[in-house]
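# Notes for the structure review
Chain by chain, the residues:
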Amino acid sequence: MLGISAWAQSVAKIGTTEYATLAEAVAAASDGQTITLIDDVTLTAVCNIGDKDHVHERSLTIDFAGHSISSSAATNGQKILNIYDDVTLTGDGNIQFGGSGMSAYAVGAYGNVVIDGVNVTDIKNNAGYILKANANATLTLKNGTITSDKPRSVVYVAKDGNFIMDGGKLVNNYNIANNYGACVHVVAGGTATINAGELEGAMLALYVDGEANITGGKLTSQHIVWVNKGTANISGGEFYANPEAVYLYTATAKANISGGEFWATGSDKRYLLNIYDSVRDGASFSVTGGIFHDFNPWNNTAEGPGTCFVPDGYEFEDNGDGSFTIKEKDYVAQIGETKYESLAEAIAEAQNGETVTLLADVTDNITIPADKNITLDLNEKTLNGKRTANTPTIKNLGTLTVKNGNVRRTEEGSASWYVIENEGTITMDEGLNVEGSASSSLIRNNAATAQMTFNAGTYTQTGAFIVVKNDLGNVVINGGTFSTASDKNVLNNWDQMTINGGTFTGNIFNGAYDTDNNKLTINDGTFNASQIRTYLGNGKTTCPIEIKGGKFMNAQMKYVGTGNNESDTDVQVAVSGGTFANPVPEKYCAEGYIPTADGEGHYGVKEGQFVAQIGDVKYETIADAISAAENGTETTVTLITDVIENITIPAGKNITLDLNGKTLNGKRVANTPTIKNLGTLTLTNGNVRRTGEGTASYYVIENMGTITLDDGLDVEGSASSSLIQNNAAAAKMTFNAGTYTQTGAFIVV
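Residues numbered from 1 in each chain as written. Predicted model: local features only at pLDDT ≥ 70, side-chain atom pairs only at ≥ 80, totals over all residues. Heavy atoms only, no water.

### Regarding the overall build of the protein
On a plain count of helices and strands, the protein comes out with three helices and 72 strands. Taking 749 residues into account, the globule formula puts the C-alpha radius of gyration at 27 Å, and the protein, at 48 Å, lies well above it. By its C-alpha atoms, the protein is 145 × 75 × 40 Å across when sized along the principal axes. The buried share among the 749 residues of the protein stands at 49%. A total accessible area of about 30600 Å² is found for the protein, and carbon and sulfur atoms account for 43% of it. Taking the average location of the 48 positive side-chain charges in the protein and that of its 82 negative ones, the two points are 3 Å from each other. (Helix = DSSP H or I, 4+ residues; strand = E, 2+ residues; numbered from the N terminus. Rg over C-alpha atoms; globule rule 2.2 N^0.38 Å. Buried < 20%, exposed > 50% of the residue type's maximum accessible area, 1.4 Å probe, protein only. Areas by Shrake-Rupley, 256 points an atom, 1.4 Å probe, with all protein chains shown as cover. Lys, Arg positive; Asp, Glu negative; His and termini not counted. Charge placed at Lys NZ, Arg CZ, Asp CG, Glu CD.)

### Considering the side chain of Gln-725
Inspection of the secondary structure assignment puts Gln-725 in strand S70 (residues 724-726). For Gln-725, the contacting residues outside a window of four places in its chain are Tyr-699, Ile-701, Glu-702, Asn-703 and Met-733. (Contact = heavy atoms within 4.5 Å.)

### Things to note about a negative patch on the surface
A cluster of acidic side chains, namely Asp-31, Asp-51, Asp-53 and Glu-57, defines a negative patch on the protein surface. Residue position: Asp-53 is located in the loop between strand S5 (47-49) and strand S6 (59-63). Given a relative accessible area of 60%, Asp-53 falls into the exposed group. (Patch = residues over 30% accessible without salt bridge, like charges linked within 9 Å, V, L, I, M, F, W, Y side chains within 5 Å. Salt bridge = Lys/Arg side-chain N within 4 Å of Asp/Glu carboxyl O.)

### Some details on the sheet that holds strand S60 (residues 643-644)
Across the sheet, which stays open at both edges, the five strands sit in the order S60-S63-S66-S69-S72 with parallel pairing between neighbours. Each of the sheet's edge strands pairs with one partner strand only, and the pair in question is S60 and strand S72 (739-742). Strand direction decides the pairing type here: strand S66 (residues 686-689) and strand S69 (residues 713-717), joined by three bridges, are parallel. Across the sheet, residue Asn-687 finds its bridge partner in S69, namely Asp-714. (Pairing = 2+ DSSP bridges.)

### Some details on the pairing of strand S48 (residues 507-512)
Burial runs high along S48: six of the six residues are buried. Side chains Asn-507, Phe-509 and Gly-511 of S48 all project onto a buried face; the interleaved residues Ile-508, Asn-510 and Ala-512 project onto the opposite face, where all are buried too. Inspection of the sheet shows strand S45 (residues 489-493) paired to S48 by four bridges, in the parallel sense. Of the residues in S48, the one forming a bridge with Asn-489 is Asn-507. In the sheet, S48 pairs with strand S51 (residues 531-536) via five bridges, with the strands oriented parallel. Opposite Phe-509, over in S51, you have Arg-533 as the bridge partner.

### Some remarks on the pattern of salt bridges
Between side chains of opposite charge, a pair can form as their charged atoms come close. All chains considered together, the criterion is met by 20 salt bridges. Between Asp-330 and Lys-327 there is a salt bridge, and its shortest N-O distance comes to 4.0 Å. A network of salt bridges, in which partner residues are shared, links Glu-421, Arg-444, Lys-469 and Asp-471.

### Digging into the sheet that holds strand S61 (residues 647-649)
Reading across from one edge, S61-S64-S67-S70 is the order of the four strands in this open sheet, with parallel pairing throughout. Looking at the sheet topology across the chains shown, the edges are occupied by S61 and S70. Across the sheet, the mean angle separating the axes of adjacent strands is 10° when strand polarity is ignored. With three bridges connecting them, strand S64 (residues 675-677) and strand S67 (residues 701-703) associate as parallel partners. The residue of S67 that forms the bridge with Lys-676 is Glu-702. (Axes fitted to C-alpha atoms, helices over the stretch in contact; angles between N-to-C directions.)

### Some details on the environment of Lys-386
Topologically, Lys-386 is positioned in strand S34 (residues 382-387). Residue Lys-386 is classed as partly exposed on the basis of its relative accessible area of 31%. Every residue in contact with Lys-386, bar those within four places of it in the chain, is listed here: Thr-363, Asn-365, Thr-391, Arg-409, Glu-411 and Glu-412.

### Thoughts on the environment of Ile-477
Looking at the secondary structure, you find Ile-477 in strand S43 (residues 468-477). Each C-alpha atom of the pair Ile-477 and Ile-499 lies 4.7 Å from the other, and the pair is 22 residues apart in sequence. Ignoring any residue separated from it by four or fewer positions in sequence, one finds Ile-477 in contact with Phe-454, Phe-482, Leu-491, Thr-498, Ile-499, Asn-500, Gly-501 and Phe-504.

### Examining the side chain of Asn-134
Looking at the secondary structure, you find Asn-134 in the loop between strand S12 (131-133) and strand S13 (138-143). Apart from the residues within four sequence positions on either side, Asn-134 is in contact with Gly-108, Ala-109, Tyr-110, Ala-158, Asp-160 and Gly-161.

### A short note on the environment of Ile-95
Its location among the elements puts Ile-95 in strand S9 (residues 86-97). The exposure class assigned to Ile-95 is buried, which follows from its relative accessible area of 0%. With 54 residues separating them in the primary sequence, Ile-95 and Val-41 have C-alpha atoms 9.4 Å apart. Beyond its immediate stretch of four places on either side in the chain, Ile-95 contacts Phe-64, Ile-69, Ile-80, Leu-81, Leu-89, Ala-106, Val-107, Val-118, Asn-119, Val-120 and Thr-121.

### Overview of the packing of aromatic side chains
Taken as a whole and judged by the stated rule, the model has 28 aromatic pairs. On the basis of an interplanar angle of 25° and a centroid distance of 4.7 Å, the ring pair of Tyr-84 and Tyr-110 is categorised as stacked. In this pair, Tyr-84 sits in the loop between strand S8 (79-83) and S9 while Tyr-110 sits in the loop between strand S10 (105-109) and strand S11 (113-122), placing the two residues 26 residues apart along the sequence. What makes Tyr-84 buried here is its relative accessible area of 10%. Residue class for Tyr-110 comes out partly exposed when judged on its relative accessible area of 24%. Taken together, Phe-454, Tyr-459, Phe-482, Phe-504, Phe-527, Phe-552 and Phe-580 form an aromatic cluster joined through their ring pairs. (Phe/Tyr/Trp six-rings, centres within 6.5 Å; stacked < 30°, edge-to-face > 60°.)

### A look at unusual backbone geometry
The omega torsion of the bond from Asn-242 to Pro-243 falls at 15°, within 30 degrees of zero and hence cis. The backbone of Asn-136 shows a phi angle near 65°, a positive value even though the residue is not glycine. Here Asn-136 lies in the loop between S12 and S13. Taking relative accessible area as the criterion, Asn-136 reaches 59% and is therefore assigned exposed. Unlike most non-glycine residues, Asn-404 shows phi in positive territory, near 65°. Inspection of the secondary structure puts Asn-404 in the loop between strand S36 (399-403) and strand S37 (405-413). The exposure class of Asn-404 is partly exposed, given its relative accessible area of 24%.

### Points about the nonpolar core
Most often, soluble globular proteins keep nonpolar side chains buried together rather than apart. Judged by nonpolar contacts, the single largest core of 85 residues is most densely connected at Leu-89, Phe-163, Leu-170, Val-184, Leu-206 and Val-246. No other element matches the seven residues that strand S22 (residues 231-248) contributes to this core. Among residues more than four places away in sequence, those in contact with Phe-163 are Leu-139, Leu-141, Val-155, Val-157, Leu-170, Val-184, Thr-191, Ala-192, Thr-193 and Ile-194. Membership of the second largest hydrophobic core comes to 61 residues, among which are Ile-426, Met-428, Val-467 and Val-468. (Core = buried A, V, L, I, M, F, W, Y, C linked by side-chain atoms within 4.5 Å.)

In structure tokens:
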């Protein structure tokens, strides 16, 4: 069904419903709908799209579909479209405008208006604006050509209005040096943003009393950006000027240029950036970027020789073709807001407690003086040293924290040396990555008072040299990843080193040569080492490695000494904790610890003491050894230390108990001797007592089986009980030798 009388000519439609006038279609449209023109539209009065009291109420699209909208009369103050809703104008159409007077315009944006593919043409050459962005409105040009030949700017941006150009073209052919001759006039409080597209002005491209932001596009005019009382911010775009790309006209005018490319197309190139003579003391340029042809903002001769529009911290580069590029100086380091062209300069200026931050990769060998206490934040950059003889990339004599970046030593030269060398106090922290080659150890600590701490980071030696070498001083490793060839030393300690964490690939070395009492302590960490080595040189006697924790993952790990052999007798390793992939030899257990295993392929130590052995197998109690002896088989149990224990030889056991010069001392428990024999027992070569804890009197030895007391046996009791009792019908007791003493008035046997 048609929305108009069958005989009327339709000019627009919504869906399939047609309307005789644009105004009728606008009135009928709902939010989100598209009004499509089906014929050219000639208005007799302004068409209001939306309600001025309900701005942004609807979102509409007007598709010109190749048609045009025009007004039937060019009257003073004539307007074609007042747009209060949010509207997109599209569809390869045209608006023909012939209004006159300062209040005239083709499109007045009160809502948010987008022009995308619609051309607007001035057909009367009268004094009206073409597009107007009113307060609180945003007018965006994406595609389309807007042309004016009359004495008014093409686009007028009111206070609190906003114009955005993302494409299209603005043309003003009116040749006058004021706001009337501009493609865009931005009043105080208004904002224009040029991102793309073209602006062609016979006299001006932009006249700025408010704010103009130019990030791209092509701008051509005599005076491209005329800043009257506002600010122009230029970060991109192409500017073809004859003679001025930017002209500051009053004392409050400002231009900030950080990018873009600028040409002076006329014969006089001096005025590409220009300030009106009488306002030079107020108006200001700040040029921090951009390319300028035949003009150097560093030395603007038009304003007087040596006049520089480039602030401190920036410089020009002569491109060799008559053009100049303005760029930030090649700063490599920063302290707070202050930047430096060399890292050495920044370090020299740094005050104690300050952080020097890298801004770029740097090739330099630096020294931290003894009186400095600073942090070097590499800021994910690389500090790469030259391979100069006896010169590391970083030499620290003061107090230094290094973090968050890479340290290398691969630049010009060939001399081998450390990447980091410390003679002060240094802390290696999060994000640090230090890498070396096969030609030298990676990191060295080398002063009696030197303190080196690793909290985190990655430290890689690509060849066969040491990762951390402590020649003198104290090293503490709390974390980090340390890697070298699996058969080379990841850690070399010649003084004091403590490891509390980290992951290590390579061998562990602790040596004494220049100093004695050197010690390496391992409290935690993960180690893939094929050997742990202690080395004694120059007559030194102590260089212990104390292993109190950690995970040792190499099942082939060996313990070696000065001769680099497992058979060396000067291995000084004491294990009191940790998890190992192979059994811990008993001789390397710390005092009070013995080897242990969990039955699942993990080995370690535990607090304890072996007191007896059968062959090569040791036991924590004599009772365990006796229990392990096979019934009926004559078995020798040998004491390997003095023992406080009360033991029983069960019936069926045939035991020789070789006290091995040690003392078996029983507790004074009621009715319990030190030795009770129910089986077959030979007792030899040591002492038997009963003076341990408790007070109950009883025999020292009680026999109910077969017992032989042999060479070297010494049994002693007190006055509170008989010494030895034989007490079973079948009991047999034989004395071949020994000493049996009762200190009091009781019976011996």
